[in-house]
Structures are given as C-alpha cells and as structure tokens.
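# Close look at the chain arrangement
Each chain, written out:
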Amino acid sequence: AQSVTQLDSQVPVFEEAPVELRCNYSSSVSVYLFWYVQYPNQGLQLLLKYLSGSTLVKGINGFEAEFNKSQTSFHLRKPSVHISDTAEYFCAVSRTTLGGATNKLIFGTGTLLAVQP
Amino acid sequence: DVKVTQSSRYLVKRTGEKVFLECVQDMDHENMFWYRQDPGLGLRLIYFSYDVKMKEKGDIPEGYSVSREKKERFSLILESASTNQTSMYLCASSGGTNEKLFFGSGTQLSVL
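Given the structure is predicted, the values throughout are model-derived calculations rather than measurements.

Moving on, we get to the sheet that holds strand 1 (residues 4-6) of chain B. Residue and element names in this part refer to chain B. One open sheet holds the four strands; their spatial order is 1-3-8-7, and the pairing between them is antiparallel. The open sheet has two free edges, formed respectively by strand 1 and strand 7 (64-70), since each of these has just one partner strand. Taking the axes of each pair of neighbouring strands and ignoring which way they run, one obtains an average angle of 20° across the sheet.

And the structure:
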C-alpha cells in the first residue's frame, strides 16, 4: 500500500524568499507523484506530476519538484515566492495495485504556504 | 474552459435528512470522484466511478452512496446525515490513469 507524508502543516515565508515544501512517500512498487494547489475558496488544481524520466519536474507558476527514489521524497520548490502563492499544497501518490497504476490518488494532509510581505 | 460544477457552495442540513450533492463535468471524462476534505486529514476518497452506472468504494464509503446515470453527472448521497459528516466535499473528474484531476470548487456541508 502507498502512503504520503507532509510533515509541515504550515510554512511561513517572506515574499521573494525561496521555499521548499516537503513530501515523503511510502511504496513497494513504482510510484507516480503529484503536487496540487488549492487557493482560498477554490478546488484543487495540478501543479506538476512525475510519471517517469527526468527526476526534476517543472510545473506551473515557477514551481518545480525533484523525485528522489533513495530518500523516497518529492519535495516542491520555488526560488522566489509571491503573495499570490499563498495557498494550501497537497502532495499525492497514485494508488497502485498488482495490475498497475489506478486512477485513485492518495493525498497528503496538506501544507499551508503563508507568504508574508 | 473545462469545468467541474458542484451544485451548491454551502449547504446546511439537519441530522437524519437525506442529502444529495450534485456534480457535473463538461469534459466527457470517464472517471469521476468524490472526496471529503477535513483539516489535518487532507482529502479522503469516498467513492469513484469509472463509467456510467459503475462505481467503486473508496477509503471512507460508510454512510454514503453514489449514483451515475449519465456520464457527465455524479451524485453523492448521504442516506441519513449525521454531524460527523460535516465537511467540505470535493468532486473531481479525469480522462484516464495518471491524467490530472479537475476539481470543482467544493460544497461545504454543515449537519446540525
């Protein structure tokens, strides 16, 4: 069975500073990893995903994430944040069975990124 | 622009009522999902549908049922609402395995 851990429930950061949101996963099979963002009063939208290939994945709004198999991590980074990046960020892993990847995602508990001026 | 529309943004119901949450997508997606979102717990899958009239239980199906009579519409039913079902409910759809999920804006349900 797969699982996802987001250790930081909140990350405060000043505008234009870099940020890293941590995500660790647990799986005995190949994984497919995702980051979603939820702006206030909205549904979630996809930031980026890792399915295979290059371990550095670039997403929308200047975010990127690095898949690290040895550390079972998929941390999200941005070199310089804006006030508008204030949102909740969810890491997710695709639930995989013996038949392969399924359509069902397992989400982490979320990290609230609070960007201060 | 692609859209997943949830019928109500806020809903207040009484304990024991039968509650219907409606979700419509306009992308001709096969897959539709209902999640509930609670602080500190993230999103948990209630039910999943991969085709019309086809459904699978998610991680927390107890107290819920679903209906998918048409491809574009996926309804979540609370047979007898209880206070522990007070939550944010999110509907989503996708076109295939590992395709991105499109989410609705959510329905904040309060059961009193």
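That covers the picture; the talk isn't over yet.
In this section: the packing of aromatic side chains. By the definition in use, this model includes 14 aromatic pairs over all chains. Ring geometry for A:Phe63 versus A:Tyr89: centroids 5.4 Å apart, planes at 45°, classification tilted. Residue A:Phe63 is located in the loop between strand 7 (56-58) and strand 8 (64-68), and its partner A:Tyr89 is located in strand 10 (residues 87-97); the two are separated by 26 residues in the primary sequence. A relative accessible area of 0% places A:Tyr89 in the buried class. On the numbers, 6.3 Å between centres and 75° between planes, the contact of A:Phe107 with B:Phe103 is edge-to-face. On the criterion of chain membership, the pair formed by A:Phe107 in strand 11 (residues 100-107) and B:Phe103 in strand 10 (residues 102-103) is interchain, its members lying in two chains. Here B:Arg9 stacks its cationic end above the ring of B:Tyr10, 5.3 Å away from the centre of that ring.

Parameters at a glance
Residues numbered from 1 in each chain as written. Chains lettered and ligands numbered in written order. Predicted model: local features only at pLDDT ≥ 70, side-chain atom pairs only at ≥ 80, totals over all residues. Heavy atoms only, no water. Pairing = 2+ DSSP bridges. Helix = DSSP H or I, 4+ residues; strand = E, 2+ residues; numbered from the N terminus. Axes fitted to C-alpha atoms, helices over the stretch in contact; angles between N-to-C directions. Phe/Tyr/Trp six-rings, centres within 6.5 Å; stacked < 30°, edge-to-face > 60°. Buried < 20%, exposed > 50% of the residue type's maximum accessible area, 1.4 Å probe, protein only. Lys NZ or Arg CZ within 6 Å of the ring centre and 35° of its normal.

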